[in-house]
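Spelled out from the first residue to the last, the chains are:
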Amino acid sequence: MQPDHVRIFDTTLRDGEQSPGATMTSSEKLEVAKTLSRLGVDVIEAGFAAASPDDLRAVKTIAEAVGVTGVEGRPVPEPPTICSLARAHKPDIDKAAEAIAPAKHGRIHTFIATSPIHREHKLRMTKDQVLAVIGEMVSYARSFCKDVEFSPEDAGRTEMDFMYDALQAAIEAGASTLNIPDTVGYTIPAEFGERIAMIRENVPGIENAVISVHCHNDLGLAVANSLSAVQNGARQVEVAVNGIGERAGNASLEEVVMALYVRGDLYGIGTQIDTTQLTRASRLVSKVTGMVVQPNKAIVGANAFAHEAGIHQDGMLKHEETYEIMRPETVGAGKTQLVLGKHSGRHAFANRLAELGYPVSGDGLDKAFARFKKLADKKKLITDADLLALVSDELYQPKEFWRLDAIQVGCGTGMPTATVKLTGPDGQTQTAAEVGTGPVDAVYKAIQSLVHVPCTLLEYTVQSVTEGIDALGEVSVRVSPHEGEAPPDKINPQYEHSRARVFHGHGAHTDVIVASAKAYLAAINRILALREGTQDDSKAAGSAA
Ligand code: KIV
Ligand code: ZN
């Protein structure tokens, strides 16, 4: 039977995490999974269990913590289905089965490429060989789990006749969801929609399966292609929060959900997502992946509900619907509220955080409250945006191998200099001073002279959390560690593949130089955590409920 709503299959933790620099720790992944559950997503693709022991553990932890009873605040009674990706390969399927086992509803998602270019150059397999693997591996996955999804990778460039054969082989072997990925983001909406219609007409048994789509955004058409597929009968859409994912990303969860919501008149079918949680999910994913959301991003961008032009403002004052097709509250982007100040107590602080979706307690609350008090001394009015920056700065940081104790800079037209005092992994404090091209450069050089984790700064962004001279500054950085420069005795096998990776870090402070130092140290701590295989020890573990 076909579902009565469009299933939202979220792949933020799998395809999304494949974005350069978006690596998350296991605790961050768990926080994201809880948020996805509160959003009401139907399926969480929690990872690719065979990729590494860490990935397997992360999927299993999510299956246990989110996949058994769901989490408080989930808008639907059943917990989400927890899914692991697996190549059409027995060892991958074994790992996926092990990882999802604790979940009430588990799914194995297996795939093999079907397009001529992939068959000839990547797989070096004939059509018949590919069909044989599909039949064999889908039945193998079915021997562990009744819910199996199959994807013919690069379906967007696969010959239709062969795609029908591949999908039929998967259905006969027991797959109940058939996902059609536009892996390289090549198709355009009318064409992709027609492919879905043709699959519905030509694949025997398809009426008993759910058609899913997974569109990449290389031409900026991922959301449009997904919606065109829905109009042609797809009943599951694979998406990622903020549209993150390989290369140009995946279809954005919030855009697909809100298009179906706002244009329900046209689509006649919606999702079971609690749209008021969208902004919060977007902020969390942006924080833990270090992928900044562009201000003009649909639904969750900072300007998505800002009206600048005089004519627009005049219209809005007369009637909101003149220039607004949805209310900001519908996506959880209510107006910034002035909530707390210097005299607010711990209880009011904890309550407000809980209302914002961060039920912090214990040690996490103590630390966040201490930071709040310091901030309230400098800044008269603390807004929700300040609180969110502060709490995520406190909670979503990697294990602190190196901690910033003090910083002093001298800058101007002469020689910018910086002195930093850090506490190292051995608990000893060390001080260094350096000259740079500017104060941030000098700070980063001084930090490097103590930590010795050579890396290239790929990206540095600073933004103000709210308006005003006393606003918190939030800095995000992306760094790439230099190949081959990790001490050989410190290399965790998993680090081998992290050498080519990008690591992010963020920091918030009223002084942007301090925020810059914190962001850089956070990125360095991430590199060290992965090198030593201790990334699970992030501060977030146990801090947020
Ligand atoms: O883009 C893609 O083809 C994928 C598959 C594994 C579904 O991510
Ligand atoms: Zn993909």
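Everything numeric here is computed off the predicted structure, so don't read it as measured data.

**Q** Sorry, what's going on with the overall build of the protein here?
**A** A count of helices and strands for the protein gives 17 helices and 16 strands. By the compact-globule yardstick of 24 Å for 545 residues, the protein fits well, its C-alpha radius of gyration being 24 Å. Along the longest, intermediate and shortest principal axes, the C-alpha atoms of the protein span 70 × 65 × 45 Å. Relative to its 545 residues, the protein shows a buried fraction of 57%.

**Q** Is there a simple way to explain the pairing of strand β4 (residues 106–113) in this structure?
**A** In the case of a regular strand, side chains alternate between the two sheet surfaces. With eight of its eight residues buried, β4 lies for the most part within the structure. Covered by surrounding structure in β4 are Gly106, Ile108, Thr110 and Ile112 together with Arg107, His109, Phe111 and Ala113, the residues of both alternating faces. Sheet topology note: the strand β3 (residues 81–87)/β4 ladder contains six bridges and is parallel. Bridged to alanine 86 within β4 is threonine 110.

**Q** For this particular structure, what's the right way to read the coordination of the zinc ion (ligand 2)?
**A** Ideal geometry at a metal centre gives angles of 109.5 degrees when four donors are arranged tetrahedrally and 90 or 180 degrees when six donors are arranged octahedrally. On the protein side, the zinc ion (ligand 2) has Asp15 (OD), His214 (NE2) and His216 (NE2) as donor atoms, found 2.0 to 2.1 Å from it. Considered as a linear motif, the donors of the zinc ion (ligand 2) on their single chain read D-x198-H-x1-H. With aspartate 15 in the loop between β1 (7–10) and α1 (26–39) and histidine 216 in the loop between β7 (210–215) and α8 (222–231), the pair connects residues that are 201 residues apart, well separated along the chain. Taking relative accessible area as the criterion, aspartate 15 reaches 3% and is therefore assigned buried.

**Q** Just to check I follow, could you spell out helix α7 (residues 189–202) for this structure?
**A** One full turn of an α-helix is made of 3.6 residues, so residues set three or four places apart face in the same direction. Between its first and last C-alpha, α7 extends 20 Å over 14 residues, near the 20 Å set by a 1.5 Å rise per residue. All of the buried residues in α7 are Phe192, Gly193, Arg195, Ile196 and Ile199. Here the buried residues of α7 occupy an arc of 150 degrees about the axis, which is enough to place them on one side. With respect to the buried face of α7, the exposed residues turned more than 90 degrees away are Ala190 and Glu201.

**Q** How should the sheet that holds β7 be read in this particular structure?
**A** Sheet strands pair via backbone hydrogen bonds, and the direction of the pair is either parallel or antiparallel. Pairing in this closed barrel of eight strands is parallel, and the strands run β1-β2-β3-β4-β5-β6-β7-β8 around the ring. In this sheet, neighbouring strand axes are inclined to one another by 25 degrees on average, regardless of whether the strands run parallel or antiparallel. Pairing analysis gives two bridges linking β1 to strand β2 (residues 43–47), with the strands arranged parallel. The partner of aspartate 10 across the bridge, within β2, is isoleucine 44. Sitting on the sheet, helix α6 (residues 160–172) is in contact with β5 (148–153) and β6 (177–182), with an inclination near 160 degrees to β5. Relative to the sheet, α8 contacts β6, β7 and β8 (236–239), its axis offset from that of β7 by approximately 165 degrees.

**Q** Can you walk me through the packing of α1 against helix α2 (residues 53–65) in this structure?
**A** Describing two packed helices takes the angle between their axes plus the distance from one axis to the other. Packing of α1 against α2 leaves a shortest axis separation of 10 Å and a crossing angle of 35 degrees. As for how α1 packs across α2, the hand of that crossing is right-handed. For the pair α1 and α2, the contacting residues are Ser26, Lys29, Leu30 and Ala33 in the first and Asp54, Asp55, Ala58, Thr61, Ile62 and Ala65 in the second. In terms of residue class, the contact of α1 with α2 is made up of five nonpolar, two polar and three charged.

**Q** I keep staring at the site of ligand 1 and nothing clicks. Help me out?
**A** Taken together, Arg14, Asp15, Leu85, His109, Phe111, Ser151, Glu153, Asn179, Pro181, Thr183, His214 and His216 make up the full set of residues adjacent to ligand 1. A distance of 3.0 Å separates an oxygen atom of ligand 1 from a polar side-chain atom of histidine 216. For the shell around ligand 1, the elements supplying multiple residues, two or more each, are β4, β5 and β6. Considered class by class, the residues forming the shell around ligand 1 number three nonpolar, six polar and three charged.

**Q** Explain the side chain of arginine 74 to me, please; I cannot follow it from the model alone.
**A** Along the polypeptide, arginine 74 turns up in the loop between α2 and β3. The buried charged residue arginine 74 lacks any salt bridge, with aspartate 42 as its nearest oppositely charged partner at 5.9 Å. For arginine 74, the side chain forms a polar contact with the main-chain oxygen of serine 37, separated by 3.0 Å. For arginine 74, the contacting residues outside a window of four places in its chain are Leu36, Ser37, Arg38, Gly40, Val41, Pro79, Pro80 and Gln272.

**Q** Would you take a moment to explain α6 for this structure?
**A** Taking 1.5 Å as the rise per residue, α6 with 13 residues should run 18 Å; its terminal C-alpha atoms sit 18 Å apart, in good agreement. Listing the buried residues of α6 in full gives Met160, Phe162, Met163, Tyr164, Ala166, Leu167, Ala169, Ala170 and Ile171. Looking at the packing, one finds that the buried side of α6 touches α4 (116–123), α5 (127–142), β5, β6 and α7. Positive phi shows up at glycine 174, right after α6, with a value of about 115 degrees.

**Q** Any chance you could explain the pairing of β7 here in plain terms?
**A** For β7, the tally of buried residues reaches six of six residues, placing the bulk of the element in the interior. Relative to β7, β6 is paired through six bridges, and the arrangement is parallel. From the neighbouring strand, threonine 177 faces β7, where its bridge partner is valine 210. Handedness of the β6-α7-β7 crossover: right-handed.

**Q** Can you walk me through the packing of aromatic side chains in this structure?
**A** Each aromatic ring pair is described using two quantities: the centre-to-centre distance and the angle formed by the ring planes. Going through the model one piece at a time under the given rule, you end up with five aromatic pairs. On the basis of an interplanar angle of 90 degrees and a centroid distance of 5.2 Å, the ring pair of tyrosine 140 and phenylalanine 144 is categorised as edge-to-face. Aromatic rings pair up to connect Phe349, Phe369 and Phe372 into one cluster. In this structure, lysine 90 is placed above the aromatic ring of tyrosine 140, and the distance from its NZ or CZ to the ring centre is 5.0 Å. Here arginine 119 stacks its cationic end above the ring of phenylalanine 162, 4.9 Å away from the centre of that ring.

**Q** Can you help me understand the domain arrangement of the protein in this one?
**A** Reports of interface size often rely on the accessible area that becomes lost once the parts have come together. With domains assigned, the protein is organised as domain 1 (7–289), domain 2 (307–333), domain 3 (336–395) and domain 4 (403–532). On a C-alpha basis, the centroid separation for the pair domain 1 and domain 3 is 36 Å. Each partner contributes to the interface: domain 1 provides five residues, whereas domain 3 provides five residues. Around 420 Å² of area is buried between domain 1 and domain 3 when both sides are counted, 56% of it from carbon and sulfur atoms. Joining domain 1 to domain 3, the criterion identifies zero salt bridges. Applying the counting rule to domain 1 against domain 3 returns zero residue pairs in polar contact (both at pLDDT 80 or more).

**Q** Looking at this model, I keep getting lost on unusual backbone geometry. Mind explaining?
**A** The bulk of non-glycine residues show a negative phi, and the bulk of peptide bonds are trans. Although it is not a glycine, arginine 124 sits at a positive phi angle of roughly 50 degrees. On the basis of relative accessible area, arginine 124 is assigned to the exposed category, the value being 67%. The phi dihedral of histidine 452 is positive, around 50 degrees, even though this residue is not glycine. Here histidine 452 lies in the loop between α16 (439–451) and β14 (455–464). Residue class for histidine 452 comes out exposed when judged on its relative accessible area of 58%.

Rules of the game
- Residues numbered from 1 in each chain as written.
- Chains lettered and ligands numbered in written order.
- Predicted model: local features only at pLDDT ≥ 70, side-chain atom pairs only at ≥ 80, totals over all residues.
- Heavy atoms only, no water.
- Helix = DSSP H or I, 4+ residues; strand = E, 2+ residues; numbered from the N terminus.
- Rg over C-alpha atoms; globule rule 2.2 N^0.38 Å.
- Buried < 20%, exposed > 50% of the residue type's maximum accessible area, 1.4 Å probe, protein only.
- Pairing = 2+ DSSP bridges.
- Donors = N, O, S within 2.8 Å, 3.2 Å for Na, K, Ca; no water.
- Expected span 1.5 Å × (residues − 1).
- Arc of directions from axis to C-beta.
- Axes fitted to C-alpha atoms, helices over the stretch in contact; angles between N-to-C directions.
- Contact = heavy atoms within 4.5 Å.
- Left-handed = near helix turned anticlockwise from the far one by under 90°.
- Nonpolar A, V, L, I, M, F, W, Y, C, P; charged D, E, K, R; others polar.
- Near = heavy atom within 4 Å.
- Polar contact = N/O pair within 3.5 Å; in protein donor to acceptor, adjacent residues only side chain to side chain.
- Lys, Arg positive; Asp, Glu negative; His and termini not counted.
- Salt bridge = Lys/Arg side-chain N within 4 Å of Asp/Glu carboxyl O.
- Right-handed = clockwise from strand over helix to strand, strands pointing away.
- Phe/Tyr/Trp six-rings, centres within 6.5 Å; stacked < 30°, edge-to-face > 60°.
- Lys NZ or Arg CZ within 6 Å of the ring centre and 35° of its normal.
- Domains from an automatic or database assignment.
- Buried area = accessible area lost by both parts, 1.4 Å probe.

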